[in-house]
Structure formats: structure tokens, C-alpha cells
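Reading the structure
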Amino acid sequence: MADINTKAEKKLKSKTTKIKKVNKNEDEREKFFNQLGMSLSFMLEEVPDEKIMGLIFRTSPEGKILDVEYDFDEDVEDSIPVSDEDLIKYFEEFKDYKLELIDYKNEEEVADTDAQVASSLEIFMPNRGKKNLKIHDSVIFWTTPEGKIAIMEYSYMEEDDKGNVDAADPIEVPTKNIKHFYEAFKDFKLQLDD
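Along each chain, residue indices are assigned from 1 in the same order as the chain's sequence is written. Where local features are concerned, this predicted model is filtered to residues with pLDDT of at least 70; where side-chain atom pairs are given and counted, the filter is 80 or more; whole-chain, interface and lining totals use all residues. No hydrogens and no water enter the side-chain calculation; it runs on all heavy atoms of the structure.

1. A word on the overall build of the protein
Along its length, the protein carries five helices and nine strands. Only runs of H or I of at least four residues qualify as helices and only runs of E of at least two qualify as strands under DSSP, and these elements are numbered from the N terminus. Along the protein, helices (α) and strands (β) appear in the sequence α-α-β-β-β-β-α-α-β-β-β-β-β-α when read from the amino end. Relative to the compact-globule value of 16 Å for 194 residues, the protein shows a C-alpha radius of gyration of 17 Å, a close match. Reported as C-alpha extents along the three principal axes, the dimensions of the protein are approximately 50 × 45 × 35 Å. Any residue under 20% of the maximum accessible area for its type is buried, any over 50% is exposed, and the rest in between are partly exposed; the area is computed with a 1.4 Å probe on protein chains only. In the protein, which comprises 194 residues, the proportion classed as buried is 41%. Here the analysis covers contacts within the protein between residues at least 6 apart in sequence; of these, 55% occur between residues at least 24 apart. Each accessible area is a Shrake-Rupley estimate made with a 1.4 Å probe; only the visible protein chains count as cover when residues are assessed. On the protein, roughly 12000 Å² of surface is accessible, and the fraction owed to carbon and sulfur atoms is 45%. By the counting scheme adopted, Arg and Lys are positive, Glu and Asp are negative, and His together with the chain ends is not counted. Note that the charge is assigned to NZ on lysines, CZ on arginines, CG on aspartates and CD on glutamates. The protein carries 28 positive and 47 negative side-chain charges, and their two centres are separated by 12 Å. Each radius of gyration is computed over the set of C-alpha atoms, and the globule rule expresses the reference value as 2.2 Å times the number of residues to the power 0.38. Contacts were defined at the residue level, with two residues in contact if any of their heavy atoms lie within 4.5 Å.

Structure, rendered in C-alpha cells:
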């Protein structure tokens, strides 16, 4: 039986192939996007509570805000809701977030972007459940607050029907493949309900 890290590497290859197909076919894209979950997280410089570390927008694949809460210290078990007033304030602050590729061959630009990473856009991938096993996987763009992509990682875990979780080590997506995922999600933009 393959170990979890080997499974994760194969699954990432499969997801990369799927993204390439999605980028070429609008019908495939729509079907795929209807199955996705997304979250956009920011570290905050000013926080309303010392337990709060940042902010999480849960969105549709296009960026429509579905839910927003504060990212809190791991010791806090309950979510901390964001008031409507604060939501408007944070939306105004982050509404211009847009994914942007950098020149990954330019060491200076890569180092500068790495130093500014303070946000992430996570895309939760669709999976068909296997007998007695749930698969959870996602790709995470680690970005500057404006959306410049420093690196991208793939996360994979399996959960059995007893709640036991086996997680693979995060896999850094090769820069040659980042562009395919970027192409699929480059139009992501935060949107408030009218």
C-alpha cells in the first residue's frame, strides 16, 4: 500500500492535469468551480482583541464573500464573528487583492515577495469519497497582501470513518505549474453581496 506522501504526490499531478483541462474548456471549468470551497486569509496589523491573529474570508470561487471571521489563537475554540461595520472596513482594505505571478527566476524579486507574505488564498478541491475514507486536499497560494504569489503548496489528508486522520507533508508546487493554477484563479476578486 502506498504511503500518504506518495499518494499526495500522485494526487497533485492529477489535480494539475485537471486544472490544465479546466483552463481549456469553459464547461469543464464551470462544473469544476461549482465544487470548490475557498478561503482568503490575511494577517492583520491592528487587531480588536489580543487573541486574534488575522482575518478569514470564506468565498465562492469568484470571490463572493459567504462568511467572514477572525483568525484566532489556537487556544480559542469558538469562532469570533466580524461585525457588519468591520466587514465593510476590511472589504475596503482588501478589495483590490488580485493574484499576480512574479518572475520566479529573479532571485531578488522572489526574496522580496517572500519577505512580504502575509496572506493566503486556499482552494479546497472536490473529491469523491472512497469506501470508509474521506479525502481532503487543497492548494494554497502564499501571497503578499496585494496578491503576489511567493509560493504555492498542496495539502492532502485522509480521514477514515472513525475520525483517524493521516496527513501528508505539504508539497511545494513547482513554479512551472503555478502558472496553470494562477490561470484558473486569476480573476478571483473579493465581492460583497449587493
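Read on, since the account is not over.
2. Some remarks on the side chain of Lys 15
Note on placement: Lys 15 falls in helix 1 (residues 4–24). Non-local contacts of Lys 15, meaning those with residues more than four positions away in its chain, are made with Met 125, Pro 126, Asn 127, Asp 137, Tyr 154 and Phe 181.

3. What to know about the packing of aromatic side chains
Centres within 6.5 Å are what make two rings of Phe, Tyr or Trp a pair, Trp counting through its six-membered ring; a difference in plane orientation under 30 degrees is then read as stacked, over 60 as edge-to-face, and the rest as tilted. In this structure the tally under the stated criterion is eight aromatic pairs. With centroids separated by 3.7 Å and ring planes inclined at 10°, the aromatic side chains of Phe 42 and Phe 94 adopt a geometry described as stacked. Of the two residues, Phe 42 is situated in strand 1 (residues 37–43) and Phe 94 in helix 3 (residues 84–94); the sequence distance between them amounts to 52 residues. Looking at Phe 42, the relative accessible area reads 3%, which means it is buried. Taken together through their ring pairs, the aromatic side chains of Phe 42, Phe 57, Phe 94, Tyr 97 and Phe 188 make up a single cluster.

4. Focus on the pairing of strand 2 (residues 52–59)
Across the eight residues of strand 2, six count as buried, placing the element largely inside the fold. Whether two strands pair comes down to DSSP finding at least two bridges between them. Strand direction decides the pairing type here: strand 1 and strand 2, joined by six bridges, are antiparallel. Paired with Ser 41 across the bridge in strand 2 is Ile 56. Taking the residues that link successive antiparallel strands as the turn, the strand 2-strand 3 (residues 65–72) hairpin has five residues, and the phi of Gly 63 there is positive, at about 115°.

5. A closer look at a positive patch on the surface
Distance thresholds for patches are 9 Å for like charges and 5 Å for nonpolar side chains (Val, Leu, Ile, Met, Phe, Trp, Tyr), applied to residues having over 30% relative accessible area and no salt bridge. The rule for a salt bridge is simple: a side-chain nitrogen of Lys or Arg has to be within 4 Å of a carboxyl oxygen of Asp or Glu. Taken together, the side chains of Lys 20, Lys 24, Lys 176 and Lys 179 make up a positively charged region of the molecular surface. Mapped onto the positive patch, the elements with two or more residues apiece are helix 1 and helix 5 (175–185).

6. Some remarks on the confidence of the model for the protein
A low pLDDT score tells you not to read the predicted coordinates there in detail. Per-residue confidence for the protein gives a mean pLDDT of 90; residues scoring 70 or more make up 93%. Each residue carries a pLDDT score, the predictor's own confidence in it, on a scale running from 0 to 100. Across the protein, element-level confidence peaks in strand 9 (residues 171–172) with a mean pLDDT of 97 and bottoms out in strand 4 (residues 80–81) with 80.

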